[in-house]
Amino acid sequence: MLISKLPNVGTTIFTTMSQLAAEVGAINLSQGFPDFDGPQALREAVTRAVMDGRNQYAPMAGLPALREQVAVKVRSLYGREVSADSEITITPGATQAIFCAIHAVVRAGDEVIVFDPCYDSYEPAVELAGGVCIHQSLSLPDFSIDWQKLADAITPRTRMIVLNTPHNPSGALIDGADLERLAALVRERDIYLLSDEVYEHLVFDGREHASVLRHEELYQRAFVISSFGKTYHVTGWKTGYVVAPPNLTAELRKVHQYVSFTGVTPLQWALAEFMAAHPEHVRELPAFYQAKRDLFCDLLSGSRFGFTRTAGTYFQLADYSAIRPDLDDVAMARWLTREHGVASIPISVFYQSPPANLRLVRFCFAKQEETLRQAAERLCAI
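Residues numbered from 1 in each chain as written. Predicted model: local features only at pLDDT ≥ 70, side-chain atom pairs only at ≥ 80, totals over all residues. Heavy atoms only, no water.

Draft legend 1. Structural detail: the sheet that holds strand β9 (residues 315-319). With respect to topology, three strands assemble into an open sheet ordered β9-β12-β11, the strand pairing being antiparallel. Strands at the two margins of the open sheet, each flanked by one partner only, are β9 and β11 (345-346). Sheet topology places β9 next to strand β12 (residues 360-364); five bridges connect them, and they run antiparallel. By the bridge assignment, A318 is partnered in β12 with V361. (Pairing = 2+ DSSP bridges. Helix = DSSP H or I, 4+ residues; strand = E, 2+ residues; numbered from the N terminus.)

Structure representation (structure tokens):
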């Protein structure tokens, strides 16, 4: 009899809700992808790369031209000089990068601290490496880190702490003071960091993204992960990257080369060309998505949902306590999809042990204006 290595893993909530939305014809604000396309110049660059014959394997670490552009971006935005050769690795998606980073350092019996609600790929990767996740709930209502609880959770077996900022699903941000407190906790301990920063450019209201790349001490023990798909509105390209100091990059690449070896070559050529020609794209993203956030929130202001405008990501949490307090959030998400034609994601699925009476769902506003208007009209009619 086959004994599953991941007995508690089934179909993800993202797949489930997107399938339900398709079945009933609902507006899909559940899974985190845009319903608009990436820049035309970027798409044209892919066509040129394919037609110019750039279709064979790229180097294992990624196309040198693309790694150079990542180094330029890191220097420009975060003031850190990193080597394109020894500190940057291109991966087929940020999820694969997360998997490889975890497997590079986590061994059997190691503990990895994650903050709930947390992205669903962390724990399976840790379990497959033989480790165990130690779940720490973020403090409500602002989804902040409880530093005393984190300090208490650290043991001699703690091997890694996983950060996620801007945070999915809440949109919460950490700041420079948080990085300093984290540095004090891990100092003189053999603890690595995985910093999931795939929404690094989606930070609103004039706030600054507190990347681990800005912090010299923390960077020396960190894998910093980002996503071209999120940044350039092409989530289906499944292309990301890892920035890490040379010793950690070397270990990550040992895993990466036997998981996928390399990413898709013409996509890498296109991204390198577009980044070189349009460095302004990443600087314009905060205003681009803040306008969508504000539109969606303004439209929802006449509804019975309660919310605080998200500080980052392209997700907006909404409290439905005034509408159907009798339903848990999974039932509410299904009810909204089937009965009112708008698909969302329940927040409890991101927890090991959800708080009692959690009444929050997550909407994705990475959508065209008309999509947001139609969805808000349906939500306001409830």
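Draft legend 2. Just the environment of D35, in detail. Structurally, D35 is set in the loop between β1 (27-28) and α2 (40-51). Distance in space between the C-alpha atoms of D35 and H233 is 9.0 Å, their sequence separation being 198 residues. With sequence-adjacent residues up to four places away left out, D35 is seen in contact with A366, K367, Q368 and T371. A polar contact of 2.7 Å, which involves the side chain of D35, links it to the backbone nitrogen of Q368. Of the polar contacts made by the side chain of D35, one reaches the side chain of T371; its length is 2.6 Å. (Contact = heavy atoms within 4.5 Å. Polar contact = N/O pair within 3.5 Å; in protein donor to acceptor, adjacent residues only side chain to side chain.)

Draft legend 3. A look at the packing of aromatic side chains. Summed over the entire model, instances satisfying the criterion amount to 15 aromatic pairs. Arranged with centres 5.4 Å apart and planes meeting at 80°, the rings of Y199 and Y314 form a pair that is edge-to-face. With a gap of 115 residues between them, Y199 in the loop between β6 (192-196) and α8 (216-219) and Y314 in the loop between α12 (280-300) and β9 connect regions that are remote in the sequence. Y314 shares its class with Y199; the two are buried. Measuring from centroid to centroid gives 5.7 Å for Y232 and F274, while their planes differ by 85°, and the two rings are edge-to-face. Linking Y232 in the loop between α9 (228-231) and β8 (240-243) with F274 in helix α11 (residues 265-277), this pair joins segments that are 42 residues apart in sequence. On the basis of relative accessible area, F274 is assigned to the buried category, the value being 6%. Members of the aromatic cluster, connected to one another through ring pairs, are F36, Y199, F288, Y289, Y314 and F315. Over the ring of W269 we find R54, and its NZ or CZ is 3.8 Å from the ring centre. Looking at K367, its charged tip hangs above the ring of F33, at a distance of 4.3 Å from the centre. (Phe/Tyr/Trp six-rings, centres within 6.5 Å; stacked < 30°, edge-to-face > 60°. Buried < 20%, exposed > 50% of the residue type's maximum accessible area, 1.4 Å probe, protein only. Lys NZ or Arg CZ within 6 Å of the ring centre and 35° of its normal.)

Draft legend 4. Main features of α12. In this model α12 runs 31 Å from its N-terminal to its C-terminal C-alpha over 21 residues, within 8% of the 30 Å that 1.5 Å per residue would give. Bending of α12 peaks at approximately 30° at the position of P286. Those residues of α12 that fall on the buried side of the exposure criterion are H281, V282, L285, Y289, Q290, K292, R293, L295, F296, C297 and L300. Of the surrounding elements, those touching the buried residues of α12 are α3 (64-78), α9, α11, β9, β12 and α14 (369-380). (Expected span 1.5 Å × (residues − 1). Bend = angle between axes of the 7 residues up to and from the residue.)

Draft legend 5. Geometry of the sheet that holds strand β3 (residues 111-116). Strand order in the open sheet formed by seven strands is β2-β8-β7-β6-β5-β3-β4, with mixed pairing between adjacent strands. The open sheet has two edge strands, β2 (88-91) and β4 (132-137), and neither has a second partner. Here the strands of the sheet are splayed against their neighbours by 20° on average, with no regard to which way each runs. Here four bridges tie β6 to strand β7 (residues 222-227), and the two strands are oriented parallel to one another. In the strand pairing of β7, L194 is matched with F223. Lying on the sheet, α3 is in contact with β2, β7 and β8; it crosses β2 at an angle near 120°. (Axes fitted to C-alpha atoms, helices over the stretch in contact; angles between N-to-C directions.)

Draft legend 6. Main features of unusual backbone geometry. Between D116 and the following residue, P117, the backbone shows a cis peptide bond with an omega angle of 5°. One can find P117 in the loop between β3 and α5 (122-128). Residue T165 is joined to P166 through a cis peptide bond whose omega torsion reads -10°. Looking at where P166 falls in the secondary structure, it is placed in the loop between β5 (158-164) and α7 (176-186). Phi is positive for T313, which is not a glycine, with a value near 70°. Summarising the element assignment, T313 is placed in the loop between α12 and β9.

Draft legend 7. Highlighting the pairing of β8. Of the two faces of β8, the one lined by G240 and V242 and the one lined by Y241 and V243 are each fully buried. As paired strands, β2 and β8 are joined by four bridges and run antiparallel to one another. Looking at β8, one finds that I90 is bridged to Y241. One ladder, built from four bridges, connects β7 with β8; its direction is antiparallel. Looking at β8, one finds that V224 is bridged to V243.

Draft legend 8. How the structure looks around the packing of α3 against α11. Across the interface, α3 lies against α11 with an axial gap of 8 Å and an inter-helix angle of 35°. Helix-helix and strand crossings are classified by hand; for α3 and α11 the assignment is left-handed. Together, A65, L66, Q69, V70 and K73 of α3 and Q268, L271, A272, M275 and A276 of α11 make up the contact between the two elements. By residue class, the composition of the contact of α3 with α11 is seven nonpolar, two polar and one charged. (Left-handed = near helix turned anticlockwise from the far one by under 90°. Nonpolar A, V, L, I, M, F, W, Y, C, P; charged D, E, K, R; others polar.)

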